[in-house]
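Structural characterization, general
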Amino acid sequence: MTALAQAAPAAEPVTRARFVLAVVALATGGFAIGTTEFVTMGLLPQIAGGIGVTIPQAGHLISAYALGVVVGAPTLAALGARLPRRALLVWLMVAYAVLNLLSAAVSHYGLLAFVRFLDGLPHGAYFGVSALVASGMVSPERRGRALALVMMGIPVANLAGVPAATLLGQAYGWRAAYVAVGLVSVLTVVMILAFVPSTPGDATATGRRELAALRHPQLWYAVGAGAIGFGGLFALVSYIAPITTDVGGLPESAVAVFLLVLGVGMVVGNVVAGRLVDWSIEKSLRGAAVGLALALMLYFVLAPTGWWAVLAGFLVTVIGSVLALGFMARLMDAAEHAQTLGAAMSHASLNIGNALGAWLGGLVIAAGYGLRAPLVVGAGLALAGLVVLVLARRAHLLER
């Protein structure tokens, strides 16, 4: 049985209207999280200039946030598995609001990196618990659809929230973007309290039982494949601003347009991914890994042409969304009975990719290979993720 199939039902009746409002509340939190995760990339030059560091150094702020997700996902999932899920969601979003507002107030690079790390801690746990709450409000045959609706907060953030926050940060300073996310987080707290039904935690869960899932080899194959393969997307997205302006020769305002198109690609990819993953998780992941490598190399070719590069960016995020959903399904299956941990670890895996792509991209830029070099690194990461998938398949066959 998959982690998703084990979700506990809501403790109170849920009407269709209540379900819609609850999903909107949960997705609003996802919107806030997706916005703050990606807006740093859109405002990288402004942040670097504002705190007096280089663009590669500012890129490490992206890695700090992602590492917070990696640490927080298993830790908070294990500690919070027994807690009432609505209350846990509220406290996670309260922390998110405080830490984003604090990010806007910090000027020291080291302290800002630490705050961004802390801000990443609630990320995976929030999405994991949201997935379980949403699936518990519907019948088993509709649980996948409910999960997709909650997860839509991230692509919508990239479609609307990130471009808007980027424009806000360019107009009023990068700190304004974090303030806006903090306010949306406060709104999410109010909406969760108003619309999300009370849902009990797992009374049988213990931290030891949840963490026992970490002993499964296939879980670590899934984490590794997701982290490495998805890092390819972040090798581009982390440096989209300087690539657009310095390589493509476009004005600063074009960055928001590129981010908007990347968001459209994520929304389209999320729809396509659902059907492909239902068809075959394994084949979808392998095909997407090869497709992502090719799309990144296409971006490498088109980057100096200016606006033509946006077509490659659209393909990158469409294909990347197939990878994201496929890895989520693979990881939740691999976690078996540890439902909270499995749901949260999917986001930890993808954020290892976030950190890896941003870090390696920064290294090749700092080494003097140019702003397009991260695209080649990203293509290599996508293909390396494919190698891990092949090894995982062989290991699975040997275990049978």
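Use the structure listed above.
The present account deals with the structure reproduced in this document. Quick caveat: nothing in here was measured; it's all calculated off a predicted structure. (Residues numbered from 1 in each chain as written. Predicted model: local features only at pLDDT ≥ 70, side-chain atom pairs only at ≥ 80, totals over all residues. Heavy atoms only, no water.)

Description of the overall build of the chain
Going by this rule: Strands here mean DSSP runs of E at least two residues long; helices mean DSSP runs of H or I at least four residues long; both are numbered from the N terminus. Under the scheme applied here, a residue whose accessible area is under 20% of the maximum for its type counts as buried, over 50% as exposed, and between as partly exposed, the area being computed with a 1.4 Å probe on protein chains only. We call two residues in contact whenever any of their non-hydrogen atoms come within 4.5 Å of each other. Accessibility throughout is a Shrake-Rupley quantity obtained with a 1.4 Å probe, and a residue counts as covered only by protein chains that appear here.
What the chain contains, in helices and strands, is 16 helices and zero strands. The 400 residues of the chain split such that 58% are buried. A sequence separation of at least 24 residues applies to 86% of the contacts in the chain between residues at least 6 apart. Carbon and sulfur atoms form 72% of the exposed surface of the chain, whose accessible area is close to 14,900 Å².

Brief notes about helix H11 (residues 240-247)
Ile240, Ala241, Pro242, Ile243 and Thr244 are the residues of H11 that are buried. Trailing H11 by a residue or two, Gly249 shows a phi angle of about 70°, which is positive.

Points about the pattern of salt bridges
Quick note on the threshold: Note on definitions: salt bridges are taken to be side-chain nitrogens of Lys or Arg within 4 Å of carboxyl oxygens of Asp or Glu.
Applying the stated rule across the entire model yields two salt bridges. Between Asp119 and Arg116 there is a salt bridge whose closest N-O contact spans 2.9 Å. Placement of the pair is Asp119 and Arg116 together in helix H5 (residues 109-136), with a separation of three residues, close to one helical turn. The pair formed by Asp119 and Arg116 is uniform in burial state, with each residue classed as buried. A salt bridge links Arg286 to Glu282, with the shortest nitrogen-to-oxygen separation between them at 3.1 Å. Highlighted residues: Arg286 and Glu282, both in helix H13 (residues 281-302), separated by four residues, approximately one helical turn.

Considerations on a nonpolar patch on the surface
Threshold: In this analysis, a patch consists of residues with relative accessible area above 30% that form no salt bridge, clustered at 9 Å for like charges and at 5 Å for the nonpolar side chains Val, Leu, Ile, Met, Phe, Trp and Tyr.
Together, Leu260, Val264, Val268, Val272, Leu276 and Trp279 make up a nonpolar patch on the protein surface, roughly 470 Å² of accessible area in all. Note on placement: Trp279 falls in helix H12 (residues 254-279).

Remarks on the environment of Gly353
Tracing the chain through its elements places Gly353 in helix H15 (residues 339-366). The buried category is assigned to Gly353, whose relative accessible area is 0%. Considered as a pair, Gly353 and Gly229 are 124 residues apart in the sequence and their alpha carbons are 7.1 Å apart. Among residues more than four places away in sequence, those in contact with Gly353 are Ala227, Phe230, Gly231 and Phe234.

Considerations on the nonpolar core
The condition is simple: The term nonpolar core refers to a set of buried residues drawn from Ala, Val, Leu, Ile, Met, Phe, Trp, Tyr and Cys, joined through side-chain atoms within 4.5 Å.
Ranked by size, the top nonpolar core spans 102 residues in total, and within it Leu26, Phe38, Tyr126, Ile192, Leu236 and Tyr299 carry the most contacts. In this structure Phe38 touches Ile154, Asn158, Val162, Phe234, Val237 and Met266, once residues within four positions along its chain are discounted.

Focus: H12
Condition: Expected helix span is taken as 1.5 Å per residue step, with the number of steps being one fewer than the number of residues. At every residue, the bend is computed as the angle between two fitted axes, covering the seven residues ending there and the seven beginning there respectively.
With 26 residues, H12 ought to run about 38 Å at 1.5 Å a step, and its terminal C-alpha atoms sit 37 Å apart, in line with that. At Ala273, H12 shows its strongest bend, of approximately 25°.

Things to note about the packing of helix H1 (residues 16-42) against helix H7 (residues 153-172)
Selection criterion: Angles shown run from 0 to 180 degrees and are taken between the N-to-C directions of axes, each axis being a line fitted to C-alpha atoms and, for helices, limited to the stretch in contact. Throughout, the term roughly parallel applies to angles under 35 degrees, roughly antiparallel to angles over 145, roughly perpendicular to angles from 65 to 115, and oblique to all others. Crossings are classed by handedness, with left-handed meaning an anticlockwise turn of the near helix from the far one by less than a right angle and right-handed meaning a clockwise turn. Amino acids outside the nonpolar list (Ala, Val, Leu, Ile, Met, Phe, Trp, Tyr, Cys, Pro) and the charged list (Asp, Glu, Lys, Arg) are all regarded as polar, and Gly is one of them.
Where H1 meets H7, the closest approach of the two axes is 7 Å, and the angle between their N-to-C directions is 50°. Considering the angle they form, H1 stands oblique to H7. Seen along the crossing, H1 lies across H7 with a hand that is right-handed. Only Gly153, Ile154, Val156, Ala157, Asn158, Gly161, Val162, Ala165 and Thr166 of H7 make contact with H1, whose side of the interface consists of Ala27, Gly30, Phe31, Gly34, Thr35, Phe38, Val39 and Gly42. Taken together, the residues that form the contact of H1 with H7 break down as nine nonpolar, eight polar and no charged.

Let's talk about the packing of aromatic side chains
Put simply, the test is: Each Phe, Tyr or Trp ring (for Trp, its six-membered ring) is paired with any other whose centre lies within 6.5 Å, and the angle between the two planes then decides the class: stacked below 30 degrees, edge-to-face above 60, tilted in between.
Summed over the entire model, instances satisfying the criterion amount to four aromatic pairs. Seen from their ring centres, Phe230 and Phe234 are 5.5 Å apart, and the 65° between their planes marks the pair as edge-to-face. Placement of both Phe230 and Phe234 in helix H10 (residues 217-237) is noted, with a separation of four residues, approximately one turn of the helix. Considered together, Phe230 and Phe234 belong to a single accessibility category, that of buried residues.

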